[in-house]
Amino acid sequence: RWRRGGTGRDRGDTASAMDAPSAPGLGGADPQLQRFIEVETQKQRFQQLVHQMTELCWEKCMDKPGPKLDSRAETCFVNCVERFIDTSQFILNRLEQTQKSKSAFSESLSD
């Protein structure tokens, strides 16, 4: 079961991992350099998501750290990670749908 609590910090920063800056102004750069930067940016975004998920789930599931992880905390961590992944996937799918609908709308206006 989920429990409420944590540090009371504002958790409105969950989109920060998706806001990693892309490499502006590289239109004329070497294609290999562009690909390298894209891959590194993806790695950075993934690391930010893992960090965010770890912090969130730790705050939700860990009452008092000890030498062993009890079954309640383990179940909480599993649920937390699964919900985090589900939510992230939902958001990405929704953004993709929104982008597609905007593209289709723009194309219909130009006809």
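Residues numbered from 1 in each chain as written. Predicted model: local features only at pLDDT ≥ 70, side-chain atom pairs only at ≥ 80, totals over all residues. Heavy atoms only, no water.

1. As for the state of the cysteines
Working definition: the covalent bond between the sulfur atoms of two cysteines is a disulfide.
Phase 1: Taken as a whole, this structure holds 2 disulfides when the rule is applied.
Phase 2: Residue pairing for Cys57: its cysteine sulfur links by disulfide to Cys80, the two sulfurs lying 2.0 Å apart. Classification of the bridge connecting Cys57 and Cys80 rests on its S-S torsion, roughly -90°, and on that basis the disulfide is left-handed. Taken together, the residues Cys57 in helix H1 (residues 31-61) and Cys80 in helix H2 (residues 71-110) connect sequence positions 23 residues apart. For the residue pair Cys57 and Cys80, the accessibility class agrees, reading buried in each case.
Phase 3: Here Cys61 connects covalently by a disulfide to Cys76, the sulfurs 2.0 Å from one another. Disulfide Cys61-Cys76: torsion about the S-S bond near -75°, hence left-handed. Taken as a pair, Cys61 in helix H1 and Cys76 in helix H2 lie far apart in primary sequence, 15 residues in all. As far as burial versus exposure is concerned, Cys61 and Cys76 are alike and both buried. (Disulfide = S-S within 2.5 Å. Helix = DSSP H or I, 4+ residues; strand = E, 2+ residues; numbered from the N terminus. Buried < 20%, exposed > 50% of the residue type's maximum accessible area, 1.4 Å probe, protein only.)

2. Let's talk about the nonpolar core
Here is a general trend for soluble globular proteins: nonpolar side chains tend to be buried in one another's company.
Phase 1: Core analysis: the largest hydrophobic core is formed by 9 residues, namely Met53, Cys57, Cys61, Met62, Ala73, Cys76, Phe77, Cys80 and Phe84.
Phase 2: Counting residues per element, the ones that place at least two in this core are H1 and H2.
Phase 3: Per-element accounting of this core gives the leading share, 5 residues, to H2.
Phase 4: Setting aside residues no more than four positions away along its own chain, Phe77 makes contact with Cys57, Trp58, Cys61, Met62 and Leu69. (Core = buried A, V, L, I, M, F, W, Y, C linked by side-chain atoms within 4.5 Å. Contact = heavy atoms within 4.5 Å.)

Remember that the coordinates give geometry; whether it matters functionally is a separate question.
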